[in-house]
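Per-entry structural report
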Amino acid sequence: MVASALNTYGSTQVLTIQMDRKNNVLINEFKQGEFDEEGVPVDRNSIWTDLTCANRVIHEVMGQVEVKNRKPYRVYFDLADQPEIRALSGFRKKLSTAVVHTFYVDELSEVKFDGQNKPSMAYYCLPWDRSNSQYYFRTFFRSV
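This report concerns the structure included in the present document. (Residues numbered from 1 in each chain as written. Predicted model: local features only at pLDDT ≥ 70, side-chain atom pairs only at ≥ 80, totals over all residues. Heavy atoms only, no water.)

**A word on the nonpolar core**
- Judged by nonpolar contacts, the single largest core of 13 residues is most densely connected at Ile85, Leu88, Phe103, Leu108, Tyr123 and Phe141.
- Secondary-structure elements contributing two or more residues to this core are β9 (99–104) and β10 (120–125).
- Looking at which element gives the most residues to this core, the answer is β10, with 3 residues. (Core = buried A, V, L, I, M, F, W, Y, C linked by side-chain atoms within 4.5 Å. Buried < 20%, exposed > 50% of the residue type's maximum accessible area, 1.4 Å probe, protein only. Helix = DSSP H or I, 4+ residues; strand = E, 2+ residues; numbered from the N terminus.)

**Thoughts on a nonpolar patch on the surface**
- On the surface, Ile47, Trp48, Leu51 and Ile58 cluster together into a nonpolar patch covering about 410 Å² of accessible area.
- Relative to the helices and strands, Ile47 is located in the loop between β6 (40–41) and β7 (51–53).
- When its relative accessible area of 68% is taken as the criterion, Ile47 is described as exposed. (Patch = residues over 30% accessible without salt bridge, like charges linked within 9 Å, V, L, I, M, F, W, Y side chains within 5 Å. Areas by Shrake-Rupley, 256 points an atom, 1.4 Å probe, with all protein chains shown as cover. Salt bridge = Lys/Arg side-chain N within 4 Å of Asp/Glu carboxyl O.)

**What about unusual backbone geometry?**
- Its identity is not glycine, yet Asn23 carries a phi of approximately 65°, on the positive side.
- At Asn117, a residue that is not glycine, the phi angle is positive and equals roughly 60°.
- For Asn117, a relative accessible area of 74% gives the class exposed.

**Section: the sheet that holds β10**
- Here 3 strands make up an open sheet; going across it, the order is β9-β10-β11 and the pairing antiparallel. Two strands close off the open sheet at either side, each with one partner strand: β9 and β11 (139–143). Direction aside, neighbouring strands of the sheet carry axes that sit 25° apart on average.
- Taken together, the 5 bridges between β10 and β11 define a ladder with antiparallel strand orientation. Of the residues in β11, the one forming a bridge with Tyr124 is Phe140. (Pairing = 2+ DSSP bridges. Axes fitted to C-alpha atoms, helices over the stretch in contact; angles between N-to-C directions.)

Spelled out as structure tokens, the structure:
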């Protein structure tokens, strides 16, 4: 029940496991973009749930778990959305000048980089929008 995804005997199929707000364990619930698929709950009170067998354990579910074939979809993320950057006073604010802050090795908790000669990453928040750029919130990182 701790894993977020489990392999199956199907070569490209996995089961996703998650817990909802009511502490129900759900199999294959998927809510992302255009997809809104309800999960199948595990019956945690059944005598057949968490029953040890030869190759792990058995869980009884309250419904039918079906194989889902989904089309690929884009996943957008902002590398510059880090806790230390969120704490900056100019985070995602459109100011008259560019916000630049330099981070050195081990100053960002969720970004790891290394190298010689004091490597650093500079965070920029531009004061203008450029239609041909692919910056999200006008922010980006640059290796210094």
